[in-house]
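Survey of secondary and tertiary structure
Each chain, letter by letter, is given below.
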Amino acid sequence: MKRQLVHGATVLFLLVALVSPASAQDDIVHTSKDFTVELGPPYPVVDAPTKLYFTKGNTLISVKIEGKDITLMTHDAGTLKLRTTRLQEGELKDRVFEGVIELGDRFFLTYSEWDKAKGIMTLYEREIDVEAGNFTEKASELLRVSGKVSGTLSMTGFYRFGVTDQFTYHYSHDGNKVMVQYRKKPEVKDDSKSHDLIGLVCFGPGLEKLWEQEFRMPYTEEEMDIEDYSVDRDGNSYILAKVRKDGSDRDKKRGEDEANYRIELLRVKSNTSEVSTTPVAIGDKFISSIGLYEAGDGGDMLCAGSYNTGGKKWYIADGIFYFRLGKDGGVSNLVFHEIPVDILNQYASKGEKKKNDKAEEEDEAGFRSLEMRKLYVAQDGSAVISGEQYYE
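Residues numbered from 1 in each chain as written. Predicted model: local features only at pLDDT ≥ 70, side-chain atom pairs only at ≥ 80, totals over all residues. Heavy atoms only, no water.

Side note on the pattern of salt bridges
Here the idea is simple: oppositely charged side chains can pair when their charged atoms come close. Applied cut-off: Any Lys or Arg side-chain nitrogen found within 4 Å of a carboxyl oxygen on Asp or Glu counts as a salt bridge. Only DSSP runs of H or I reaching four residues or more are called helices, and only runs of E reaching two or more are called strands; each is numbered from the N terminus. Categorising residues by exposure relies on relative accessible area from a 1.4 Å probe, with only protein chains included: less than 20% of the type maximum marks a residue as buried, more than 50% marks it as exposed, and the intermediate range marks it as partly exposed.
This structure, assessed with the given rule, holds 21 salt bridges. Across the pair arginine 324 and aspartate 300 runs a salt bridge, and its minimum N-O distance is 3.2 Å. Taken together, the residues arginine 324 in strand S26 (residues 319-325) and aspartate 300 in the loop between strand S23 (286-294) and strand S24 (301-308) connect sequence positions 24 residues apart. Notably, a salt bridge pairs arginine 373 with glutamate 388, separated by 2.6 Å at the nearest N-O pair. Linking arginine 373 in strand S29 (residues 370-377) with glutamate 388 in strand S30 (residues 383-389), this pair joins segments that are 15 residues apart in sequence. For arginine 373, a relative accessible area of 41% puts it in the partly exposed group. Connected through salt bridges with shared partners, the residues Glu91, Arg95, Glu113 and Arg126 form a single ionic network.

Describing the packing of aromatic side chains
Note the cut-off: Paired rings are identified among Phe, Tyr and Trp, the last through its six-membered ring, by centres lying within 6.5 Å, and are further divided according to the angle between planes into stacked (under 30 degrees), edge-to-face (over 60) and tilted (the rest). Working rule: Lys NZ or Arg CZ, within 6 Å of ring centre, within 35 degrees of ring normal, means a charge sits over the ring.
Going through the model one piece at a time under the given rule, you end up with 6 aromatic pairs. The interplanar angle of 85 degrees and the centroid separation of 5.4 Å between the aromatic rings of tyrosine 307 and phenylalanine 336 together place this pair among those described as edge-to-face. Pair noted here: tyrosine 307 is in strand S24 and phenylalanine 336 is in strand S27 (residues 331-338), with a separation of 29 residues, a long-range link. Using a relative accessible area of 4% as the deciding quantity, one classes tyrosine 307 as buried. Residue classification places phenylalanine 336 among the partly exposed residues on the basis of a relative accessible area of 28%. Taken together, the ring pairs connect Tyr307, Phe321 and Phe336 into an aromatic cluster. Above the face of the tyrosine 261 ring, lysine 242 is positioned so that its terminal group lies 4.8 Å from the ring centre. The ring centre of phenylalanine 336 lies 4.9 Å from the NZ or CZ of lysine 285, which sits over that ring.

On their own, these measurements won't tell you what the molecule is for.
Here is the structure:
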């Protein structure tokens, strides 16, 4: 375990081996103690509120968004020399940058545009020629939505604000499928009566559209919290949700030890409107964080996250859990692993150790702000979960 202070955030690398069904091998990991840092030649800085970086072969490309303008910069990854800088001035006028889609070694910059007169939201893409450091062609329409799409009010420039994150992108394990997800703006503002309307659009390796559907969630917003989305190599889509048992907005009822919710996984079969649901009981565990992943071994879906005992410290991660969802919808290998207090104390100060030891007596010792980041599955069936203790 290693902690490091980066931009005001405490970063934690957590490795947890969950062995099933075979035993894990005693692999030895060698890390380099000696390394050198090379500095490239200086170049004019282009700063921006949004900065994204990608590599293709020996080329590093930077995508920088400042208000209406897009700057594409390329560097030689070997010499670190600046190759090109190209400013696309006014490209995002009356538009919202929505991110970059990465499929194989191809990159597509995306933005949305709202047509107020027609009441239509359109998502566009422009492919980036990494070697040339420029766009390959004019923008093409990816999809259009009738009605407004929910998003996040964010700063898009100097004293500029706009609704962003209206579309999110989810990739299959092999990187050949991308699912675009959006949420329609609710017509009813009462969460006890409103049902989320979720749009899912699946694209293939060349960003060709395979299928698209909008789905009305089976529970109200008050009853249901959507935790994650995913897509598999066959183009099937998944929605991971927390569903409260009594239809209320309470995760725990007074006087009860068990959580007032269950985990449900909704599977949308490729190119159909067919939806199947798999409930997962979690007993007396309370979910702190949870994520959905596709296994690289057989196409099963994996779910992993952290949990606690639901006491006063409901925000901590007391342990790690993991399970598989097979193609038949069956749940297997559901395991819960408590994080030992020795691990909590490994890099803690004397004061923190004392607090952890005292909290452990009440079964409430754990990590704060632990987010699951990656899940790796070995050939022997063991899994490694990478988490980050992150403070915003």
